[in-house]
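Each chain, letter by letter, is given below.
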Amino acid sequence: MTMKTHSNRIRLSAFVFLLAVQAPFIGSAFAAEKQSLRAEVGAPLQEAQKALQAKDYKGALAKINAAEAVGKLTSYESYIINSLKASAALGGGDYKTALTAFEQVLESPELPPAEKLQKYDAYVKIAYASKDYNKTAEAIEKYKAAGGSNAETLGLYVQSLYLAGKYKEAGVELASRIKSLEAAGKRPTDTQLQLLASCALKQNDMVAYTAALEKIVTYTPKPDYWLDLTLRTSNKPGFSPNLTLDVYRLRKRTETLQKTGDYMEAAQLALQAGFPGEAQAFVDEGYAKKLLGEGADASRHQRLKDLVAKKLADDKATLAEGEKAAAAQATGDALVATGFNLVAYGDFDKGIALMEQGIAKGGLKSADQAKLHLGYAQLLAGKKTEAKKTLAEVKATDGSADMARLYTLAG
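This part covers the overall build of the protein. When you go through the protein residue by residue, the secondary structure sums to 23 helices and 0 strands. Over its C-alpha atoms the protein spans a radius of gyration of 34 Å, topping by over 25% the 22 Å that the globule rule assigns to 411 residues. Along the three orthogonal principal directions, the C-alpha set of the protein runs to about 110 × 50 × 30 Å. For the protein, the proportion of its 411 residues judged to be buried stands at 44%.

With that out of the way, let us pick up the packing of aromatic side chains. Using the criterion set out here, one finds 7 aromatic pairs in the structure. Relative to Tyr 167, the ring of Tyr 162 lies with its centre 5.2 Å away and its plane at 70°, an arrangement referred to as edge-to-face. An aromatic cluster of at least three residues, connected via ring pairs, comprises Phe 275, Phe 340, Tyr 376 and Tyr 407. Geometry around Tyr 287 places Lys 305 over its ring, the cationic atom sitting 4.5 Å from the centre.

So, on to the layout of surface pockets. In this model, the largest pocket occupies a volume close to 600 Å³. Lining the largest pocket are 20 residues, and of these Asn 242, Ala 273, Phe 275, Gln 369 and His 373 sit closest to its centre. Secondary-structure elements contributing two or more residues to the lining of the largest pocket are α14 (244–253), α15 (260–272), α19 (333–344) and α21 (367–380). Class assignment for the residues of the lining of the largest pocket results in 10 nonpolar, 6 polar and 4 charged.

What follows is about the nonpolar core. Judged by nonpolar contacts, the single largest core of 100 residues is most densely connected at Leu 45, Phe 282, Leu 372, Met 403 and Tyr 407. Per-element accounting of this core gives the leading share, 9 residues, to helix α4 (residues 75–91).

Here we take up the pattern of salt bridges. Within the structure shown, the criterion is met by 24 salt bridges. A salt bridge links Lys 135 to Glu 103; its shortest N-O distance comes to 2.9 Å. Of the two residues, Lys 135 is situated in helix α7 (residues 133–145) and Glu 103 in helix α5 (residues 95–107); the sequence distance between them amounts to 32 residues. Note on Lys 135: relative accessible area 27%, which makes it partly exposed. When salt bridges that share partners are traced, they join Glu 214, Lys 236, Asp 402 and Arg 405 into one network.

Close contact between α14 and α15 brings their axes to 10 Å; oriented N to C, the two are set at 130°. The pairing of α14 with α15 is recorded here as oblique in orientation. Along this stretch, α14 crosses α15, giving a crossing that reads as left-handed. Of α15, the residues touching α14 (which contributes Thr 244, Leu 245, Tyr 248 and Arg 251) are Asp 262, Glu 265, Ala 266, Leu 269 and Ala 270. Residue composition of the contact of α14 with α15, grouped by class: 5 nonpolar, 1 polar and 3 charged.

Non-glycine residue Lys 72 carries a positive phi angle of around 45°. Looking at where Lys 72 falls in the secondary structure, it is placed in the loop between α3 (57–68) and α4. One non-glycine residue, Glu 255, lies in positive phi territory at about 60°. Of note, Glu 255 is situated in the loop between α14 and α15. Residue class for Glu 255 comes out exposed when judged on its relative accessible area of 59%.

Scoring rules and cut-offs
- Residues numbered from 1 in each chain as written.
- Predicted model: local features only at pLDDT ≥ 70, side-chain atom pairs only at ≥ 80, totals over all residues.
- Heavy atoms only, no water.
- Helix = DSSP H or I, 4+ residues; strand = E, 2+ residues; numbered from the N terminus.
- Rg over C-alpha atoms; globule rule 2.2 N^0.38 Å.
- Buried < 20%, exposed > 50% of the residue type's maximum accessible area, 1.4 Å probe, protein only.
- Phe/Tyr/Trp six-rings, centres within 6.5 Å; stacked < 30°, edge-to-face > 60°.
- Lys NZ or Arg CZ within 6 Å of the ring centre and 35° of its normal.
- 1 Å grid on protein atoms, 1.4 Å probe; cavity = no way out; pocket = protein on both sides within 12 Å on 5 of 7 lines; lining within 4 Å.
- Points joined across faces, edges and corners; volume = space filled by probe spheres on them.
- Nonpolar A, V, L, I, M, F, W, Y, C, P; charged D, E, K, R; others polar.
- Core = buried A, V, L, I, M, F, W, Y, C linked by side-chain atoms within 4.5 Å.
- Salt bridge = Lys/Arg side-chain N within 4 Å of Asp/Glu carboxyl O.
- Axes fitted to C-alpha atoms, helices over the stretch in contact; angles between N-to-C directions.
- Parallel < 35°, antiparallel > 145°, perpendicular 65-115°, else oblique.
- Left-handed = near helix turned anticlockwise from the far one by under 90°.
- Contact = heavy atoms within 4.5 Å.

Rendered as structure tokens:
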């Protein structure tokens, strides 16, 4: 899967950022201020401010450096110098110098509290544009702690963690945001969902990746996503081979059967399980998609089709006898199988009733797999509420619980 991430570039508006970092006007107004600049510092800074207004950033920086070279600067002088230096460096595209100066501004005791959030907001975006993602993430944390709430600024946090290579932290933050959105009845964005999966892949955490895929198919049930999720689930360690037919059932429901071999194997497994009606459904779909009945193996496909038709005729002729035999069994497996067979023929109510009787009778080889098949039968019958309840009861670690969860997602 190709994951899309937020672009690591943002559009910088020099006007916006120069306003954000602009120092107090250097001029006669300072006469009324409690703090003032020494003449030897203030004079070059006045020239620097004129250069900034003329967009002569190189010239402004030279004047600022001259003021800084005076030495023995007061706290206030350092604050004004760094404010102007940040503006000049930013205007000239020197993000590294701008960030260093900006850090000094943010740490200065001279920074008015009312301006701190605005300064942090600007710093975050400059750091992001300069591709210093560690600093970006750190600054966003401070911005948020200070009460910052700008959605665009906060939205850069996960991207910054991800681009800084902090995949675990990014994944944790994303999972928390997605959970909050869902709790509020809102839909996570595709970018959030795909980035969550990418964080898991970057850590080679297949458990987390599979969980992320489940989130993705919940909101974007595309066949490619479903196929990836289904195959990864069925390849988990401990996944029972007895559930292979269930995998094909899920793939049929999610429209991810794509090859001739898929339909051939699915039909054969259905026959082996004693469900010729289900086998016919696989064969019919394969022919409808022209994946069967075409090419050099068309005669082989025809032989399978003929075999399914024969098994179907034989089975229908003995359905009544089969029900009686199943009812006479000491355990419920035969009733569950007989009931599912009827469901495959479209006799949903009777088939589901027999399956429920079989489960209630007990003595099953796998109660969880029986409930899994009952839940799937209820889905086929359009009984989604009942199916969801039944599938939620499947807890086995042999892959049954995983399949139950995916059936529920597929709906």
